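What follows is each chain in one-letter form.
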Number of protein chains: 2
Amino acid sequence: MGDTSGAGEPTLEEQIAAYQREFQDLDPQVEKIVSALSRLNRRMNVAYGRQTAALGIGNTDWEVLKALVLSGAPYRLGPGDLAKRLGLTPAAMTHRIDRMVTEGLVTRERDESNRVRVIVELTAEGREKWLEAMRLATVFEEDLLQDLSPEDRTALGEVLTRLLRRVEHAQPDAGGRLSDLD
Amino acid sequence: MGDTSGAGEPTLEEQIAAYQREFQDLDPQVEKIVSALSRLNRRMNVAYGRQTAALGIGNTDWEVLKALVLSGAPYRLGPGDLAKRLGLTPAAMTHRIDRMVTEGLVTRERDESNRVRVIVELTAEGREKWLEAMRLATVFEEDLLQDLSPEDRTALGEVLTRLLRRVEHAQPDAGGRLSDLD
DNA sequence: GCTGAAGACTTAGAAGCTAAAATTCGAAGG
DNA sequence: CCTTCGAATTTTAGCTTCTAAGTCTTCAGC
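About the thresholds
Residues numbered from 1 in each chain as written. Chains lettered and ligands numbered in written order. Predicted model: local features only at pLDDT ≥ 70, side-chain atom pairs only at ≥ 80, totals over all residues. Heavy atoms only, no water. Helix = DSSP H or I, 4+ residues; strand = E, 2+ residues; numbered from the N terminus. Buried < 20%, exposed > 50% of the residue type's maximum accessible area, 1.4 Å probe, protein only. Contact = heavy atoms within 4.5 Å. Areas by Shrake-Rupley, 256 points an atom, 1.4 Å probe, with all protein chains shown as cover. Expected span 1.5 Å × (residues − 1). Salt bridge = Lys/Arg side-chain N within 4 Å of Asp/Glu carboxyl O. Pairing = 2+ DSSP bridges. Axes fitted to C-alpha atoms, helices over the stretch in contact; angles between N-to-C directions. Phe/Tyr/Trp six-rings, centres within 6.5 Å; stacked < 30°, edge-to-face > 60°. Parallel < 35°, antiparallel > 145°, perpendicular 65-115°, else oblique. Left-handed = near helix turned anticlockwise from the far one by under 90°. Nonpolar A, V, L, I, M, F, W, Y, C, P; charged D, E, K, R; others polar. Core = buried A, V, L, I, M, F, W, Y, C linked by side-chain atoms within 4.5 Å.

A. Up close: the overall build of chain A. Along chain A, the regular secondary structure elements total seven helices and three strands. Going from N to C terminus, chain A has its helices and strands arranged as α-α-α-β-α-α-β-β-α-α. When burial is assessed residue by residue, chain A has 52% of its 182 residues classed as buried. In chain A, of all internal contacts separated by at least 6 residues, the share reaching a separation of at least 24 is 55%. Just so you have it, chain A exposes about 7,800 Å², and 54% of that area is on carbon and sulfur atoms.

B. A look at helix α6 (residues 124–144) of chain B. For α6(B), with 21 residues, the first-to-last C-alpha span of 30 Å sits near the 30 Å given by 1.5 Å per residue. Buried within α6(B) we find Gly126(B), Trp130(B), Leu131(B), Ala133(B), Met134(B), Ala137(B), Phe140(B), Glu141(B) and Leu144(B). Buried residues along α6(B) sit against α1 (12–22), α2 (28–54) and α7 (150–170) of chain A together with α2 (28–54), α3 (59–70) and β3 (118–122) of chain B.

C. Representation of the pattern of salt bridges in the model. For the structure shown, the criterion picks out 32 salt bridges over all chains. With a shortest N-O distance of 3.0 Å, Glu158(B) and Lys32(A) are connected by a salt bridge. Of this pair, Glu158(B) sits in helix α7 (residues 150–170) while Lys32(A) is found in helix α2, placing the two residues in two different chains. By sharing partners, the salt bridges in this structure join Arg21(A), Glu22(A) and Arg127(B) into a single network.

D. Region of interest: unusual backbone geometry. Residue and element names in this part refer to chain A. Cis peptide bonds are those with omega within 30 degrees of zero, and the linkage from Ala73 to Pro74 qualifies with 5 degrees. Within the secondary structure, Pro74 sits in the loop between α3 (59–70) and β1 (76–77). For Tyr75, which is not a glycine, the phi torsion comes out positive at approximately 60 degrees. Classification of Tyr75 as buried rests on a relative accessible area of 12%.

E. Representation of the sheet that holds strand β3 (residues 118–122) of chain A in the model. Residues and elements named next belong to chain A. Pairing is antiparallel across the open sheet formed by three strands, whose spatial order is β1-β3-β2. One side of each edge strand has no neighbouring strand; the edge strands of this open sheet are β1 and β2 (106–110). Note that β1 and β3 share two bridges and pair antiparallel. Looking at the pairing, Leu77 lines up with Val120 of β3. Helix α5 (residues 90–102) rests against β2 and β3 of the sheet, and its axis sits at about 120 degrees to β2.

F. Inspection of the packing of aromatic side chains at higher detail. Considering all chains together, one arrives at six aromatic pairs over all chains under this definition. Aromatic side chains Tyr19(A) and Trp130(B) sit 6.3 Å apart centroid to centroid with 10 degrees between the ring planes, which places their arrangement in the stacked category. Of this pair, Tyr19(A) sits in helix α1 while Trp130(B) sits in helix α6, each in a different chain. Judged by its relative accessible area of 0%, Tyr19(A) falls in the buried class. One aromatic cluster in this structure is built from Tyr19(A), Phe23(A) and Trp130(B).

G. Representation of the packing of helix α1 (residues 12–22) of chain B against α2(B) within the structure. All names here are of chain B. In the contact formed by α1 and α2, the axes pass within 10 Å of each other and the chain directions differ by 135 degrees. It follows that α1 is oblique to α2 by the angle criterion. Along this stretch, α1 crosses α2, giving a crossing that reads as right-handed. Facing α1, whose interface residues are Leu12, Gln15, Ile16, Tyr19 and Gln20, α2 presents Pro28, Glu31, Lys32, Ser35, Ala36 and Arg39. For the contact of α1 with α2, the residue count by class is five nonpolar, three polar and three charged.

H. Quick peek at the nonpolar core. Leu40(A), Leu156(A), Leu160(A), Leu40(B), Leu156(B) and Leu160(B) are the most contacted members of the largest nonpolar core, which totals 44 residues. Going through the elements one at a time, α1, α2, α6 (124–144) and α7 of chain A together with α1, α2, α6 and α7 of chain B are the ones with two or more residues in this core. Once residues lying within four places of it in the same chain are set aside, the contact partners of Leu40(A) are Leu144(A), Leu37(B), Leu160(B), Leu163(B), Leu164(B) and Val167(B).

Laid out in structure tokens, this is it:
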């Protein structure tokens, strides 16, 4: 069923053996995939977390930067919009924006054409931080996949998207926000 | 660089296109793997979270149950040990154990042979909850992997463990505790 | 018997989140 | 023109879970 965390961790093989000992019905092949996937993801998140921390931004900031950049130029969204994309309540968004404004990553201003609305816009510094984080991330990712041939990579991408389609179909847009950093 | 969360989420393809638009140096093949992996993991965590919630236990409880079960019969560990395995401070462990004792999932008693130590022991109910969660999880996992042939499964397990070995070697036992539910 | 170290617990405080109330503005109807 | 409703945001209060630092208890060596 995957993995948990941290130091003093058993190896993948040890853990699967323990699972089999405690739960007879376990398919070790399935468990291997699921546990490896989970561990891999955690390690990646640790790496990303370090990189963004090195840039002086937190994981919560990172999520907002990403949403704004992916929305495309001119990199503007309302708090409500952002909240929807990130799966948060509007109140939580207000707090994040407060922090990020003081950090200089975004600006907040009222929309002059409809003064109920607020516009959150990426600053040049915010965009630069995002780009820098992406540069670090791609180095890490390239290193991670270093041993895989182009064919291996294609095959892996295919399998994973196949699995993803399956979950997304079964669990259409869950909206859950159970951790995830990238 | 992976994915974030929730509702109103773009499709994987849309997101990769947006990344390429905003960051020219991106290798779409790499990004596809990384993003699919991240999304897949998040969906799995959402599913696990629902299942454990349905059993009336939280994600934090689940981690402790798992550590105890995996330690093997008689399912006893000290708070300090548990804290190390879960990557928490001892203080955080104290709070978790408090809660879980009132929930009837574990018992806490002093070790009579060395009264400085405390022994946390899984109750029958705690063990039963763990087993039930595992049953639900395996159903979900089997469904997830349904379309993969045994050969596909073996291949996927191999590739993932290969990647995992690579990260674990580069990042030996980071101890990080940046989210993860399983 | 005293002292030091180890282990667990307590307290204080930080980071994030939610829910619900308050605020502000625009739009529609009398 | 004024009023009222509704939408979007912010404020307030409180929850959960974590860390850091200090305290208490107990064992072990001198």
